[in-house]
Amino acid sequence: MGKVIAFSNQKGGVGKTTTAINLSTYVAMQGKTVLLIDFDPQGNATSGFGLEKNALEQTTYDVLMGDCSAMEAIRQTMVENLFILPCNMDLAAAEVDLVNVPSRESAFKRAIQPLLEKFDYVFVDCPPSLGLITLNALVAADSVIIPIQSEFFALEGLSQLMNTIKIVKTRLNSKLRINGVVLTMYDTRTTMSKQVTEEIYKYFGDLIYTKPVPRNIKLVESPSFGIPVELHAPRSTGASAYKALAEQFLKREEQ
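Residues numbered from 1 in each chain as written. Predicted model: local features only at pLDDT ≥ 70, side-chain atom pairs only at ≥ 80, totals over all residues. Heavy atoms only, no water.

Undergrad: Honestly, the pairing of strand E7 (residues 177–184) in this entry has me stumped. Any pointers?
TA: One face of the sheet, then the other: side chains in a regular strand alternate in exactly this way. For E7, the tally of buried residues reaches 7 of 8 residues, placing the bulk of the element in the interior. The pairing of strand E6 (residues 143–149) with E7 spans 7 bridges and is classified as parallel. Following the sheet pairing, Pro147 is matched in E7 by Val182. The β-α-β motif built from E6, the intervening helix H8 (residues 158–171) and the parallel element E7 has right-handed crossover chirality. (Buried < 20%, exposed > 50% of the residue type's maximum accessible area, 1.4 Å probe, protein only. Helix = DSSP H or I, 4+ residues; strand = E, 2+ residues; numbered from the N terminus. Pairing = 2+ DSSP bridges. Right-handed = clockwise from strand over helix to strand, strands pointing away.)

This is the structure in structure tokens:
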């Protein structure tokens, strides 16, 4: 049975989608069958794999609303063993359309349940908010990966995310746990990065993945080419960081 892992942080611009794209790539390259679900109406994970968002006939929204099965909407990526369930702005309507659906917070879980026998890992790229879409992802997930930018506002609003996870765990999904915290956009040259990192370690301790992801131009460039960093610049510091992160992720999963 595959595991569902949500990538969540209600603060935008923290490298959440970049982490989802590249971690899923390197986990797939380790021989695991991986599905990346783009669950953010912005559709950045979808365009990050070269798919034209506005030309999609079947998306996460259609799956969520029961208009097609999840398997019908899944697309193969250019990475072996890695598939994507794409998304576009249609998903934004789900916040309204789900209001009258029975057990609306579990709609996503019901929709993707058939997929869990087909994939080792189902990664879910959540929107930068704590609305009904993210709530659906947390209800469906086994665990959460939290990307945190190593800058001044990193911890701002984090208590809100932690409280939401606690509420979901208590009321809707008792198995939910934090898989780990990924430090992103790390800059060893600045005192601020070091100070923020110290605060994050005080807060999360051993949950933090020990390999931070540095600021790297190749990570920024690769989505514009519609490919993960491994296919754009495999020797870059960003690629090395995500490869090491994938290895640590799989080691944790084995334990």
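Once you've had a look at it, read on.
Undergrad: Would you mind going over the side chain of Thr164 with me for this structure?
TA: Inspection of the secondary structure puts Thr164 in helix H8. Since its relative accessible area comes to 18%, Thr164 is described here as buried. Apart from the residues within four sequence positions on either side, Thr164 is in contact with Leu130 and Leu138. (Contact = heavy atoms within 4.5 Å.)

Undergrad: Can you walk me through the pattern of salt bridges in this structure?
TA: Side chains that carry opposite charge are capable of pairing whenever their charged atoms lie near each other. Applying the stated criterion across every chain, the model contains 7 salt bridges. Between Glu253 and Lys3 there is a salt bridge, with its nearest N and O atoms 2.8 Å apart. Placement of the pair is Glu253 in helix H12 (residues 237–254) and Lys3 in strand E1 (residues 3–7), with a sequence separation of 250 residues. Given a relative accessible area of 13%, Glu253 falls into the buried group. By relative accessible area, which is 32% here, Lys3 ends up partly exposed. With its nearest N and O atoms 2.9 Å apart, the salt bridge here joins Lys16 to Asp125. Linking Lys16 in helix H1 (residues 16–29) with Asp125 in strand E5 (residues 121–125), this pair joins segments that are 109 residues apart in sequence. (Salt bridge = Lys/Arg side-chain N within 4 Å of Asp/Glu carboxyl O.)

Undergrad: Please clarify how the packing of aromatic side chains should be interpreted in this entry.
TA: The geometry of an aromatic ring pair comes down to the distance between the two centres and the angle between the two planes. In this structure the tally under the stated criterion is 7 aromatic pairs. Where Phe39 meets Phe108, the ring centres are 4.1 Å apart and the plane angle is 25°; that geometry is what we call stacked. Taken together, the residues Phe39 in the loop between strand E2 (34–38) and helix H2 (44–48) and Phe108 in helix H6 (residues 107–112) connect sequence positions 69 residues apart. Among the residues examined, Phe39 registers a relative accessible area of 0% and is labelled buried. Here a set of aromatic residues connected by ring pairs shows up, and it is made of Phe7, Tyr121, Phe123 and Phe249. Just above the ring of Tyr209 sits the side chain of Arg252; from NZ or CZ to the centre is 3.9 Å. (Phe/Tyr/Trp six-rings, centres within 6.5 Å; stacked < 30°, edge-to-face > 60°. Lys NZ or Arg CZ within 6 Å of the ring centre and 35° of its normal.)

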